[in-house]
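What follows is each chain in one-letter form.
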Amino acid sequence: MAITFFKSRSALPGPTAARALCRAILCTGLLLVGAGPVFAQTDTLRSLVQQFDTYRTHALQEKLYLHLDRPFYVCGETLWFKVYAVDGTLHQPLSMSKVAYVEVLDAAQKPVLQAKIALKAGSGSGSFVLPVALSSGNYRVRAYTSWMKNFSPENYFESPVTIVNTFTPTGLPPEQEAAGYAVQFFPEGGNLVQGIAGKVAFQAVDKKTGRGIGVSGEIVDQEGRVAATLQSLQFGIGHFTFTPASGSTYTAVLRLPGGRVLRQPLPAAQEKGYSLHLEELNSEQVKITVTGAGETSVPVYLLGHARHMISVAEVATLAPGTASFVVDKRKLAEGITHFTLFNSRKQPVCERLYFKRPTQLLQLSAATDKQAYLPRDSVAVRMQTLAPAGQPVAADLSLAVYRLDSLQGTGATNIAAYLWLTSELKGSVEQPDYYLSATGPEATEAADNLMLTHGWSRFQWQDVLQKPTAAFPFVPEYDGHFITARVTNAVSGSPAPGITAFLASPSRHIRLYNATSNAQGLLRFEVKDFFGPKEIVLQTDFRKDSTYHFEVLSPFSEKYTSHEQPAFRLSPALAAELTSRHLAMQVQQAYSGRYLDRFRAPGIDSSAFYGTPDATYLLDDYTRFKVMEEVMREYVPGVQVRRRRDGFHFMVHDATNKSIFQDDPMVLLDGVPVFDIDKIMAFDPLNIRRLDVMTRQYIQGPLLYNGLVSYTTYRGDLAGFQLDPRALLQEYEGLQLQREFYSPVYNTQLQRQSRLPDFRNLLYWDPALQTDAQGKGAVRFFTSDVAGTYVVVMQGLTGGGLAGSRIITFEVKQPL
């Protein structure tokens, strides 16, 4: 007997409702059956569901997608990108994280470019100017958030790009030996079991290009007898079925392109274990058959889950040695469902993926006002975004327009294919949009072959089946970027817990942050409006703590996938195209360089962290004294200056209690704490433009300041003030300033007749294109002097999680 419960994709309840649903259905089963063994089975099933549900709520899934403007670049060009942040279940824009980390990795998985991108309402944008020091090769652009660093790097976004350094003699790499071919075999469910018929998928890849290759061949045993034949279908992927005999070994004899023959052993079949087979019964049902060699009259449990949401939970008994589950496809979520089989000891023993082609896609249509244009002509693109039922819907889009040539195609990524398919799979998928757009029996079989080549979830089941005992080490950046540092004892080098430290960046925008180190000596500062390159000062209150060492830690992930980059090879026939791209890049730098490094103001809050002070003194409004003591005594009645044996002290009036604080206030210079008041009293007051005073207690985090005295210099750069040598002064790159995309305008005849050359390859880039409530939007730009076919690539997302892409082309022709 099988007891089943489902959770519909169309109405996903929260954790509390899910648990209530599980209890209700399971209890119904108990009342109907009323048997001890069934009670134990349903209790185990309920336990599995509850543990999975607990893990889901504890480990919220977050996804990033990057729309890159092009797949191919030459050094000196700018790589532009748009970041979409969504929740991993419904693909709706997720505003949890406010920072995305974007990197360009070389073939050795070493970052060559890094940036911190500000996110707002689940999106952001940025750019990289590709330096001429880069070597030609295949690179990967990857992106993740602080929260995503708690999980496998397989969950990070990755997309391949090619970068060629045309400043080398030809920009082409030297000829290399052929890298050869790689063939992998994937038994359905994970294992081959002796005496049990099993389906085996295979994938053949050309390691030079990373693309699949067509193969055919036979499976032979050690005696040379043919056990099965095979033939790849799409992208070098296919499958075959055979029954491994006890004591036999099997080898695949494969015929590769060019007549080459490759012999490769198959994975060994197990004497005992579980085999899982999935088949389509009809348009509404799939059947999953489980066979356990050496197992009988024991329960097995099946969970079907998609994007951390359970849609199927069943229990059945192997009798004798076989059990089957019939699943209603209408209950399955769109996209990839992971069917995981557990044995009677709650151990995962098999997993099979099933793909249900999504229908909840954004319908994006677009058209240019003409099909052919002249150089320096105006191009208007109008677009419409519709929900699947055809009703207009507003969407957040990004758009790139570039010239198609022999160096690049129409793009390497597609937002819908990524969210529904590749983000749920380990490794890379060749042409993922094929599996969403193609129809017919061959496309269905190709999608199932792809599922067979990807087994096991992108998380570890031991993490799911154990109770969460500790907090994740990386927390979401809800409000801003976290700067993390480690404080250690300067003598022993051991972590120093319980140390309060202060972080500031000299500026006219007064910001101060404090944190107390944890047991590992880690400090975490949540900084606000931290854009561009800055100097940061990290220190303790040296009057109390003076023997500690600081180290600012990199926020970028040090975990990498095991993916191999395909060998980098370009045909010498592409030399002319590379020369053209090199010339175009040089011309743009020479004639438009002053427009390429313009940045938008980030629109930060200019008020000090303490808000409106109780008193402000603009010293230029007063007679300027050359001694700070005179300034304080003559102009600042809220602060009394006292000189004792150990030096100067400030005593701030307590306006709240109408008394005087006996302890020194927090003293700041351009936002940097100054604990030695003698040093501030020795500082030249002619460098000070403004003085703020707080005549009351001020609470910041865990600290309480007895008043506050804040000095600001004219430039906000400390004006030569010498910091305590025990303080750490370091350059730090904040959130990336947003570069403005430059596109020339040819509205007038005089502008069109300009003698300045325009060889742009990328005509237009807009990462923040919005369609209105009627789903309508439009952009306008101008063509360059270069004739050819141009492609318009649009991608986007609605607030409800509908994702879609659209590609159209137009021609630019030279006048006759």
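First, a word on scope: everything that follows refers to the structure included in this document. (Residues numbered from 1 in each chain as written. Predicted model: local features only at pLDDT ≥ 70, side-chain atom pairs only at ≥ 80, totals over all residues. Heavy atoms only, no water.)

### A few points about the overall build of the chain
If you tally the helices and strands in the chain, you get ten helices and 47 strands. Structurally, the chain occupies a C-alpha span of about 100 × 85 × 55 Å along its principal axes. The buried share among the 816 residues of the chain stands at 54%. For the chain, the share of sequence-separated contacts (at least 6 apart) that also reach a separation of at least 24 residues comes to 72%. Summed over its atoms, the accessible surface of the chain is roughly 35,600 Å², and 51% of this surface lies on carbon and sulfur atoms. Here the chain holds 78 positive side-chain charges and 75 negative ones, and the gap between their average locations is 2 Å. (Helix = DSSP H or I, 4+ residues; strand = E, 2+ residues; numbered from the N terminus. Buried < 20%, exposed > 50% of the residue type's maximum accessible area, 1.4 Å probe, protein only. Contact = heavy atoms within 4.5 Å. Areas by Shrake-Rupley, 256 points an atom, 1.4 Å probe, with all protein chains shown as cover. Lys, Arg positive; Asp, Glu negative; His and termini not counted. Charge placed at Lys NZ, Arg CZ, Asp CG, Glu CD.)

### Points about the environment of Thr168
By secondary structure assignment, the location of Thr168 is in the loop between β9 (157–164) and β10 (181–187). Note: C-alpha distance between Thr168 and Asp766 (598 residues apart in sequence) is 32 Å. At 2.7 Å, the side chain of Thr168 forms a polar contact with the backbone oxygen of Asn165. (Polar contact = N/O pair within 3.5 Å; in protein donor to acceptor, adjacent residues only side chain to side chain.)

### As for the nonpolar core
Membership of the largest hydrophobic core comes to 62 residues, with the highest contact counts inside it found for Leu66, Phe81, Phe128, Ile163, Leu421 and Tyr435. The residues contacting Phe128, other than those within four sequence positions of it, are Glu77, Thr78, Leu79, Phe81, Val102, Val104, Leu113, Gln114 and Ala115. Membership of the second largest hydrophobic core comes to 48 residues, among which are Tyr635, Val667, Met681 and Leu723. (Core = buried A, V, L, I, M, F, W, Y, C linked by side-chain atoms within 4.5 Å.)

### Some remarks on the sheet that holds strand β27 (residues 378–386)
Taken together, three strands build an open sheet; the order of strands is β25-β27-β45 and the sheet is antiparallel. A single partner strand is all that each edge strand has here, and the edge strands are β25 (363–368) and β45 (776–782). Sheet twist, expressed as the mean angle between neighbouring strand axes with direction ignored, is 20°. (Pairing = 2+ DSSP bridges. Axes fitted to C-alpha atoms, helices over the stretch in contact; angles between N-to-C directions.)

### Focus: the packing of aromatic side chains
Each aromatic ring pair is summarised here by two numbers: the centre-to-centre distance and the angle between the ring planes. Counted by the stated rule, this structure contains 35 aromatic pairs. Their ring planes at 65° and their centres at 6.1 Å tell us that Phe530 and Tyr732 sit as a pair that is edge-to-face. Of the two residues, Phe530 is situated in the loop between β32 (522–526) and β33 (533–540) and Tyr732 in strand β43 (residues 728–733); the sequence distance between them amounts to 202 residues. Like Phe530, the residue Tyr732 is buried in the burial classification. With a centroid separation of 5.7 Å and an interplanar angle of 10°, the aromatic rings of Tyr790 and Phe810 are classed as stacked. Of this pair, Tyr790 sits in strand β46 (residues 788–797) while Phe810 sits in strand β47 (residues 803–812), and the two are 20 residues apart along the sequence. An aromatic cluster of three or more residues is present, and its members are Trp80, Tyr373, Phe741, Tyr764, Phe781, Tyr790 and Phe810. Stacked on the ring of Tyr101, the Lys or Arg Lys149 has its end atom at 5.7 Å from the ring centre. Positioned above the aromatic ring of Phe482, the side-chain terminus of Arg524 is 5.6 Å from the ring centre. (Phe/Tyr/Trp six-rings, centres within 6.5 Å; stacked < 30°, edge-to-face > 60°. Lys NZ or Arg CZ within 6 Å of the ring centre and 35° of its normal.)

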